[in-house]
Structures are given as structure tokens and as C-alpha cells.
Amino acid sequence: MKTAALTSIVSIFISFNLGAAIVQSKGDFEDKFRQLEEVLPTPNDYRNAAGEPGRDYWQQKVDYKIDVTLDESKRVLTAKQKVVYHNNSPYSLKYLWLQLEQNKFKEDSIANLSADFGGIGRRGPTTSAPAADKPAKISYGALRAQQWLADHDVGYKISNVRDAENKALRFVINSAQMRIDLPKPLKSGESFEFNLDYQYQLLEENAVSARAGYEHFPDDVRKGGNDIFLVAQWFPRLATYSDYEAWHNKEFLGRGEFTLEFGDYDVSITVPADHIVASTGVLTNDGEVLTAKQRQRLKNAKDAKRPVFVVTAEEALENERAGTDKVKTWNFKAENVRDFAWASSRKFMWDAKGYAQESETMPHVMAMSFYPKEGGDLWKKYSTESVIHTMEVYERFTFDYPYPTSISVNGPVGGMEYPMITFNGPRTTWHKDGSRTYTQAEKRFLIGVVIHEIGHIYFPMIVNSDERQWTWMDEGLNSFLDGVAGREWDPNIPWGVEPRDITGYMKSNVQVPIMTQSDSVLRLGPNAYTKPAAALNILREVILGRELFDFAFKEYATRWKYKRPTPADFFRTMEEASGVDLDWFWRGWFYTTDHVDISVDKVYKLRLDTQDPDIEFDLLRKEEADKPTSLFVERERDAGNETWIDRNPDVKDFYDENDRFTVTNKERNKYQQNLANLKPWERKVLERAVKEDKNYYVIDFSNIGGLVMPILLQLEYENGDTEMMHIPAEIWRRSPKAVSKLIVTDKELVQVTVDPKWETADVDMENNHYPRRIIPSRIEAFKSKPSTDKVRRDIMHDIKTEKKEPKEKPYKK
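None of the values given here were measured: they were computed from a predicted structure. (Residues numbered from 1 in each chain as written. Predicted model: local features only at pLDDT ≥ 70, side-chain atom pairs only at ≥ 80, totals over all residues. Heavy atoms only, no water.)

S.K.: Outline the overall build of the protein chain, supporting the account with residue identities and numerical values.
M.R.: Tallying secondary structure elements over the protein chain gives 22 helices and 34 strands in all. Since a compact globule built from 813 residues should have a radius of gyration of about 28 Å, the 36 Å found for the protein chain marks it as more spread out than a globular shape. Each principal axis of the C-alpha atoms in the protein chain carries an extent, and together these give about 130 × 85 × 55 Å. When the 813 residues of the protein chain are sorted by exposure, 50% land in the buried category. Nonlocal contacts in the protein chain, meaning residues at least 24 apart in sequence, comprise 75% of its contacts between residues at least 6 apart. (Helix = DSSP H or I, 4+ residues; strand = E, 2+ residues; numbered from the N terminus. Rg over C-alpha atoms; globule rule 2.2 N^0.38 Å. Buried < 20%, exposed > 50% of the residue type's maximum accessible area, 1.4 Å probe, protein only. Contact = heavy atoms within 4.5 Å.)

S.K.: I'd love a proper account of unusual backbone geometry, names of residues and values included.
M.R.: The linkage connecting phenylalanine 459 with the following residue, proline 460, adopts the cis geometry, with an omega of 15°. Assignment of secondary structure puts proline 460 in the loop between α9 (440-455) and α10 (472-489). The omega torsion of the bond from tyrosine 770 to proline 771 falls at -5°, within 30 degrees of zero and hence cis. Mapped onto the secondary structure, proline 771 falls in the loop between β34 (769-770) and α22 (795-798). Phi is positive for asparagine 160, which is not a glycine, with a value near 55°. Inspection of the secondary structure assignment puts asparagine 160 in strand β6 (residues 157-163). A positive phi is found at aspartate 693, a non-glycine position, where the angle reads about 50°. With respect to the helices and strands, aspartate 693 occurs in the loop between α21 (680-692) and β29 (695-703). The exposure class of aspartate 693 is exposed, given its relative accessible area of 61%.

S.K.: How would you summarise the pairing of strand β23 (residues 405-410) if you had to cite specific residues and measurements?
M.R.: Summarising burial for β23: six of the six residues are buried, a large majority. Of the two faces of β23, the one carrying Thr405, Ile407 and Val409 and the one carrying Ser406, Ser408 and Asn410 are both buried. For strand β22 (residues 364-371) and β23, the ladder comprises five bridges, and the chain directions are parallel. In the sheet register, methionine 366 faces β23, and the bridge partner there is threonine 405. The parallel pair β22 and β23 is bridged by helix α8 (residues 376-397), and the resulting crossover is left-handed. The pairing of β23 with strand β25 (residues 421-424) spans four bridges and is parallel. Paired with valine 409 across the bridge in β25 is phenylalanine 423. (Pairing = 2+ DSSP bridges. Right-handed = clockwise from strand over helix to strand, strands pointing away.)

S.K.: Pulling in residues and values, what's your account of the packing of helix α16 (residues 613-626) against helix α20 (residues 665-677)?
M.R.: The N-to-C vectors of α16 and α20 enclose an angle of 125°; their axes lie 9 Å apart at closest approach. Taken together, the axis directions place α16 and α20 in an arrangement best described as oblique. In contact with Pro613, Asp614 and Phe617 of α16, α20 contributes Glu667, Arg668 and Tyr671. The residue makeup of the contact of α16 with α20, split by class, is three nonpolar, no polar and three charged. (Axes fitted to C-alpha atoms, helices over the stretch in contact; angles between N-to-C directions. Parallel < 35°, antiparallel > 145°, perpendicular 65-115°, else oblique. Nonpolar A, V, L, I, M, F, W, Y, C, P; charged D, E, K, R; others polar.)

S.K.: Report on the pattern of salt bridges, specifying residues and quantitative values.
M.R.: Under the criterion given, the structure shown has 58 salt bridges. The salt bridge involving aspartate 227 is made with arginine 75; its shortest N-O contact spans 2.8 Å. Placement of the pair is aspartate 227 in strand β11 (residues 226-231) and arginine 75 in the loop between β1 (61-71) and β2 (76-86), with a sequence separation of 152 residues. Here aspartate 227 and arginine 75 have matching classes, each one buried. Taking the shortest distance from any N to any O, the salt bridge between glutamate 385 and arginine 306 comes out at 3.1 Å. Here arginine 306 lies in the loop between α6 (292-300) and β18 (308-311) and glutamate 385 lies in helix α8, a separation of 79 residues in the sequence. A relative accessible area of 14% places glutamate 385 in the buried class. (Salt bridge = Lys/Arg side-chain N within 4 Å of Asp/Glu carboxyl O.)

S.K.: Account for the sheet that holds strand β17 (residues 282-283), with residues named and values stated.
M.R.: Pairing between sheet strands relies on hydrogen bonds along the backbone, with the strands arranged either parallel or antiparallel. The strand order across the open sheet built from seven strands is β6-β9-β2-β1-β15-β19-β17, with neighbouring strands paired in mixed fashion. The strands lining the two open edges of the sheet, one partner per strand, are β6 and β17. In terms of strand pairing, β1 meets strand β15 (residues 263-272) through six bridges, oriented parallel. Bridging from a neighbouring strand, aspartate 67 pairs with serine 268 of β15.

S.K.: Lay out the packing of aromatic side chains in plain terms, naming residues and giving numbers.
M.R.: Summed over the entire model, instances satisfying the criterion amount to 52 aromatic pairs. When the ring of tyrosine 46 is compared with that of tryptophan 58, the centres are 6.3 Å apart and the planes differ by 85°; the resulting orientation is edge-to-face. On the criterion of sequence distance, the pair formed by tyrosine 46 in the loop between α1 (4-18) and β1 and tryptophan 58 in the loop between α1 and β1 is long-range, its members being twelve residues apart. What makes tyrosine 46 buried here is its relative accessible area of 19%. When the centroid spacing of 5.7 Å and the interplanar angle of 85° are considered together, the rings of tryptophan 584 and phenylalanine 585 count as edge-to-face. (Phe/Tyr/Trp six-rings, centres within 6.5 Å; stacked < 30°, edge-to-face > 60°.)

S.K.: Could you give an account of the nonpolar core, with specific residues and numbers?
M.R.: Of all hydrophobic cores here, the largest spans 195 residues; its most connected members are Trp234, Trp342, Phe423, Phe570 and Trp589. Of the residues forming this core, the biggest block, ten residues, is contributed by helix α12 (residues 524-544). Core analysis: the second largest hydrophobic core is formed by five residues, Leu606, Ala689, Tyr696 and Val698 among them. (Core = buried A, V, L, I, M, F, W, Y, C linked by side-chain atoms within 4.5 Å.)

S.K.: With reference to specific residues and values, describe the environment of methionine 473.
M.R.: Inspection of the secondary structure assignment puts methionine 473 in helix α10. According to the relative accessible area criterion, methionine 473 is buried, its value standing at 0%. Separated by 299 residues in the primary sequence, methionine 473 and arginine 772 have C-alpha atoms spaced 40 Å apart. Apart from residues lying up to four places away in sequence, methionine 473 is in contact with Ser465, Tyr556, Pro565, Thr566, Pro567 and Phe570.

S.K.: Please set out the side chain of glutamine 469 residue by residue, giving values where relevant.
M.R.: Within the secondary structure, glutamine 469 sits in the loop between α9 and α10. Here the side chain of glutamine 469 touches lysine 250 through a polar contact of 2.9 Å, side chain to side chain. Beyond its immediate sequence surroundings of up to four residues, glutamine 469 is in contact with Lys250, Thr516, Gln517 and Ser518. (Polar contact = N/O pair within 3.5 Å; in protein donor to acceptor, adjacent residues only side chain to side chain.)

S.K.: Account for the side chain of aspartate 274, naming residues and giving values.
M.R.: Turning to its location among the elements, aspartate 274 is positioned in the loop between β15 and β16 (276-279). Residue classification places aspartate 274 among the buried residues on the basis of a relative accessible area of 11%. A polar contact of 3.5 Å, which involves the side chain of aspartate 274, links it to the backbone nitrogen of glycine 323. Those residues in contact with aspartate 274, other than ones at most four positions away along the chain, are Asn319, Gly323, Thr324, Ser345 and Arg346.

Right, dumping it as C-alpha cells:
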């Protein structure tokens, strides 16, 4: 039988646990630790339960041979394309689906017809619908885009769709998708070859915001100016056919990016002879398109300490001035890539630097940058170096960079990625004195966007996730890693991947689950980039620790290199390789809109009830004496008023000399009998507890945000000591709304703080302190401004104003 003393301790702890701030109601229990396997796809021989490619894993392969010509004056691409489709699936196919992304910009496309005016989450120029007494708004950018598209015939013109025997193939174009009907079913293990011709009008990127297109420079010396062409989503591409979805027919609506098959490419690009071309793949005919001097510079760059110019600023400037009617054809070949992109301009200077890595298959990579004079010193100093830094960091977390080149190109696209090549936007500002400068923001933007876009060559260009369905699988994972690379470059730059960077979004009313398909997300940036990056940051630094996380993450990357993972493969691999059950984490962070808000509600200081009456009654007497005196009694005493008992001492009795805390032998005898009834081990436990006389604190926590997380607890003591306690998330398993924790210590506790270093994305730091702190903030004095309402115009005075010709704002080159 337990002693009264020990039973008392246990009962006190239990009563506080049930009496925490948020009490669970009957029937509203939610299992935050419910197994995720209930919602994940059932493992099979294609994708096993460990998150690995299964023994029968397969994926299709598509090879392309393309001859494309750029008509610079008309800004039109014309091409002939041969495709060889390899059916590696176990199924026969009756037709092939192709993606026609350029048709997205046609007037009758699903993307155009379904665009809502002023809708939340729109990509491109802004509009706002009328609300209350405010008129609707349309930006100049939106007007410009409308007018440009109205003035140009956009979208593919496809013709001559024929098989290898030159027989016409039946095809159907459905908005931005195209179906080719096969002459007979394509059986498993067979290949099918077909050809097609196409042409389309390149888009002006600054007008349309299309992720690719041209940028015009009207003030260049050359008559008519010059263009930079960034060419992507430029050829009819085979849609993905996968084991988990068959044909991927989600149409391109503009925001959800791409899902593609790996293959080999042989691409010949015909452009004006003075153009420099950057491209996916390896240049196979450098002797025909580069001078001997340029080829030697490229060779010298291989072992250079700093980037070497292959095409110098002076040569690029001379190209800008001249122009030519001649053409050159650049041939590039690429193996095992999922896409192909290129850039072309006579404005490009070109620098390069070799990157050596310990890889048997690709020991040497050429990091290169292509940019116009507008890039200036900003690009000369930081572009190629950022490319190399990215590869150095990413290989630690994934695998050696497997391609021969890694390229950064400046143009009108702010940031986009393709195999071996990226498009990046920041530039310098030209001044009237002929100098070029850049802001700190532009410097940070360039370094950050290059790291991010080169990082995308790993995710999703190699670890080939479905961008259109699960944007976070490339943007989120890549944002996490670019945050590592960025902070290793300069931790003072705000990289936007810290837990604190996502709290505003997580408590907002526009949050949707990370698992939401990208075209349905309300705020893509925080949803697909920042929140998953912050989640992985927390998983690495707080929950798993770096050793377990880094091993598991690298295992995922290497397992799915050149393959197509799904979220289930990522979740399962991270659990299987780390040895930690993370179902609660994936469920909370990726499948819900719960947020982190753990409040420390109360802290109770308890003492051990020894049951020794001489000790306990004395303590009770002291506790009574410590209570505030009644205001009535205090004022009576201050006034010098005597009590009745003081005025009549002759009637005092036993109770006037002994208070209610006086100990009698009855209590002492009972206590001694209780001790005699104890088993030897029970008496030993009690005697030690009494001797040590430790402080017992019960801390009540409530889970206001709903997202269960570890409780990172900082305890501050009266003697100045500070202690950190990491309470695992599992404390919430049976009581997800409120829990209590017992702290036993020799020291006097004076302050409790939850998550003092802002490591868990807690949205309300003020309820993390006990006792509560004074909230630091600011107040700003201001001068009231007069109303600018049109109704209050002084027309009588303004009618006298003299009319003036406006001054033109100088164009910034």
C-alpha cells in the first residue's frame, strides 16, 4: 500500500494535468499521431514501403532531334522535330499526349478563359475587382499584356505530323495539349518514331510574363536595337506517363510548372552569326561557331582561380554595334535530361570557370555565365562564383553534379531553371556619367537567385518530381538547400527559410495545405517555398538533428536520382533512413493548415507533503502569515484601535494562546504509525525525498495553434543559472490540446520561456513567457495629412493654373 505522502504527490500531478488551460471535450479527440499510411498510396513493386524505387520500377524515355531557326527580325521560331518514344511501361499505349505550353497564351486557352479578374494567387500583372466604394483597378502591366497578346498571333502552328515511314498521323489539339493517335498499340518494350514541324511567335517577356521570350534594348547603338532571347517551353514535349497516374493531363495554366520524361537530345540552333548561344548540353561544333582565341580562353578557364572571359565585354559591345545578315548553326547534345532550353544574343559576354569534384563519372564541370553590359560588375563578380558555390554545398546533401556544364544567363526572366542552364534577372543601374552601380538588394537578389535556380538542376531536373502536382517537392526542398548554401555564403543576408519567416502566413486566412495542387494554392511563395523549407529546417535542427537528417535526405536524393519520386516516397525514405516516426510531422505540416502556437499558461510551485505534523503545520502557519493582511485590520491597527480581546485579557483561554496550527501528540502518533507501516523501500524513498527537499514545479501548456511540436523550454533560476529542456512532440500524443510537465529541481525557478530562439515557427511569442513580459513595441508620431478627395478640389483656384509640357523621364539603360 502506498503511503499518504507519495500518493499525495501523484494525485497533485494528475489533477494539474487535467486542469490545464484547454480542456478536451467529450468526443472531440483528434489523434495528431495517427499513422500516415492510412492516406499514403499502398506500397507496391513499383514503389516499396521503404520509399525506394521498387523491383519493377519503370519510367518512359523520350529522345528528341530538333533543327530550329531563330528569325530575329520577326522574333519567330521555326523547327523540325523528330521524336523517339520508348515505352518502358508494362502496358500498351494507343495514343501519345504532348504538352503545348505556348498555346497557354492563346485567347481560347483554358488558362485564359478561366482567369478571374482580380483573383487571389494570379501570376503576372495585377488587377483588383471592385469592392464597396472602391473602383476596380487594372495595372499598366496588365493592360500592356492584353494589348501585346491582342496584337500578335501566338501559339503553335503545327504541321506535317508523320511517322517514320512518312505516313500522316491523326492528331487532336485540345487547348494546350495534343493527342497523337498511333497506327497500332505501342506494346511494352517497343519504340515509336514520329516527326512534326512547328512555328510560333516568341513572346515579349517583359510584357507577357511567360517564363521565357525576348527582351528588346531599343537604345543600343545598332539601328533597331538588340534583343536577348531566352527560349524555353519552346517545343512540343511529351507528357509524362507514370505508374501512379498514367498520362499526366493537367494542363499548363501558368503557375504549376512541368512534369517531363528523361531522354537524349540532339539540337541544332541556327541564329544570326554574331549571336552567342548558351544551352543545355555540350557544344559539339565549337570549331565552327567560336574563334580560335575563344576556344583557347575556354580551355584556360578549366583550371582558373577566377572566371575567365570567353567572350569579353569589348567583343560583346562590338557585336552590339554591328549586326549581320549571316547565320551560324550551333549544335548541342545532351544525355539523360528531362528538358532543353537555350539563350541567344549578340549582347552576351561569356565567362567561365572550371569546377573540380571527386566524381568518377564527371570529375570536371564548366561553370559559366552569359550576360550583357547591363549585368556589369555585379555579374562579373558573383554569377559564376555563385554557380560553383551551389554545387559545392548541394553535393554534400545529394550527389555529385552529373552534367558537364552549369550555366547562369541574364535576361528578362527573374529566375527559371532547366537542365544545365538557368535564367536570372538582376542587373546594374546605368548613370549619366557612364558608370554602373548596383544596390545591396540587387547583389543579394543575384546571389540568391543563382543559388536557387542552379539548385533546381538537382530538384527537379535530376530528382524528377512532378512540379505541376506537388510544387513543394522541388521548390520547398530546393529552398531548404538554397537556404543552407546562402547562409554559408553570408548569414547576414535574409534568405527567408527560417521558422520565423513563415509565422505570418501560417496564422493567415489564405493558408492552404502544402499538399495542395499548385494551381489551387492561394499564396504560392509562402506555401510551396517558405513553409516546406522552414519545416525541413525545423526537422533538421530541432527534431532529428543534423546527423540523422543529412543521412536520410542524401539517401532520398540518391535513391531518386534520374527517377520520379512522389511525396510518399519522400516521407517514407526520411522515416526509414532516420529511424524516427515522423507521421505526426508530415501530417501536421503538409496536410493541415494548423499553426504552431504553444502557450505556457501557468507554473505551479509544489512541495512534498512529508505528513510530519511538526513540519507541515509549521509550514501552514508560515503560509498563513505570508498572506496579505485584511485592509480593514490594517487600517484599524494604523488608527491604534484595540481589539475586544486585547481590552479584556481576563477572559482569554487556550485558543488565544495556541493557534489552529498547534501540533498535538495525536497527530504525532498517527505520523509515527504511518512510518511503521511503510515497507523498507518505501521508507527509504520518503526519507530521501524529505532530506533532499527539492522544488516541484508543474508547468501547464496549451496547444492553441493545433500543430503539435516539441516544446523547447528555457528555465531560468534565482541564482542566475539557465537550463534548456527539449520535450519531444510525443508529449501531446494522448492530450493534443493541453499538457502539464513536472520539473523537479534543487533551484528556485523564476522564469519559463518556450522556444526562446524562435526555432519552431511559433506565431505568438508573447504567450511563451511565464511570468508574462511587457510587450516591446514602438509608437510613431505623425502629422495629419489634408484630404485629397476629388470632391474637395479647389477648382476656382486650380482653373488659373498654366498648362505646361511634361518632362520625359530618362530611360534607365
